[in-house]
Structure formats: structure tokens, C-alpha cells
Amino acid sequence: RSKKQKNKESINVDISLEDALLDYKIPLSTLNHEGRGIVHRLDRGTSGCIVLAKNDDVHAKLVTEFFIRGVKKNYVALVPFHRRDDQGSDGDDNNTRIAMTDGLKES
């Protein structure tokens with residue numbers, strides 16, 4: 001969702017990813033007529049990661065790799081880490097850290 005100015009008033013406007021990229025003059029392939037540039041939607045129900053192609057040649061190669069299952073996926077998770085009081089303090093007032101875990105799932 002983006003905001004556009006109209007008579008000095010800010011209004012919310014729904015805009016697709018495709019339209020937003022084209023508005024910024026980013027070229028997208030034309031092979032997928034339902035959504036220009038969209039090659040594949042990874043884990044649609046969870047992360048919503050989208051693979052895009054900027055030209056038709058790369059788009060065709062990527063679609064082929066997904067179709068023959070030649071794409072190796074690595075998952076990385078960023079999770080909040082809260083230090084318990086009994087673990088001591090390192091002098092930092094903020095006891096919340098971001099911990100990164102990789103290799104959770106490979107498919």
C-alpha cells in the first residue's frame with residue numbers, strides 16, 4: 001500500500017508490486033501474463049518471497065530450474081532473543097538481541 005498526494009491530502013492507494021516496479025522504470029519480463037516479471041512465489045502462505053525476472057531470457061531459465069527442481073533453497077530465520085536475568089549482564093541496558101539461525105530447512 002502506498003500513499004499518494006491529492007490536493008495536499010495523503011490518501012492510501014493499493015498498488016501491485018508489478019505496478020510499483022514499473023513506476024520506478026524497473027524492467028520486467030513479459031512471459032507471465034498474470035504478473036509481469038513474476039517467476040515463482042516461494043512459500044506463498046508464510047514468507048511471501050517472490051522471485052522476479054527483469055527479462056524474458058532469464059525468466060525462462062529460472063522457470064525451468066524451478067520446474068526440474070534444480071533450485072536449492074536455504075532458509076534463514078531472525079528471531080528475538082531475550083536474555084533471562086539469571087544469565088548476567090554485559091553492561092548493556094538492552095537485554096534483547098536478534099539471533100540469526102540458518103539451515104533450519106533445506107528443500
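Residues numbered from 1 in each chain as written. Predicted model: local features only at pLDDT ≥ 70, side-chain atom pairs only at ≥ 80, totals over all residues. Heavy atoms only, no water.

Re the side chain of Ser29
Next, step 1: When you line up the elements, Ser29 lands in the loop between helix H1 (17-23) and strand S3 (38-42).
Next, step 2: Here Ser29 falls in the buried class, since its relative accessible area comes to 1%.
Next, step 3: Within the structure, the side chain of Ser29 is placed 2.4 Å from the side chain of His59, a separation counted as a polar contact.
Next, step 4: In contact with Ser29, other than residues within four places in its own chain, are Arg36, Gly37, Ala53, Lys54, Asn55, Asp56 and His59. (Helix = DSSP H or I, 4+ residues; strand = E, 2+ residues; numbered from the N terminus. Buried < 20%, exposed > 50% of the residue type's maximum accessible area, 1.4 Å probe, protein only. Polar contact = N/O pair within 3.5 Å; in protein donor to acceptor, adjacent residues only side chain to side chain. Contact = heavy atoms within 4.5 Å.)

Section: the nonpolar core
Next, step 1: Ranked by size, the top nonpolar core spans five residues in total: Val39, Leu42, Val51, Ala53 and Phe66.
Next, step 2: Dropping the residues within four chain positions of it, Phe66 is found in contact with Val39, His40, Leu42, Val51 and Val71. (Core = buried A, V, L, I, M, F, W, Y, C linked by side-chain atoms within 4.5 Å.)

A word on the side chain of His59
Next, step 1: Turning to its location among the elements, His59 is positioned in helix H2 (residues 56-67).
Next, step 2: Apart from residues lying up to four places away in sequence, His59 is in contact with Ser29, Leu31, Asn32, Gly37, Ile38, Val39 and Ala53.

Some words on H2
Next, step 1: The terminal C-alpha atoms of H2 lie 16 Å apart, and with twelve residues this matches the ideal 16 Å at 1.5 Å per residue to within 8%.
Next, step 2: The opening residue of H2, the one whose side-chain oxygen lies 3.2 Å from the backbone nitrogen of Asp57, is Asn55.
Next, step 3: Downstream of H2 by one or two residues, Arg69 has phi in the positive range, about 60°. (Expected span 1.5 Å × (residues − 1).)

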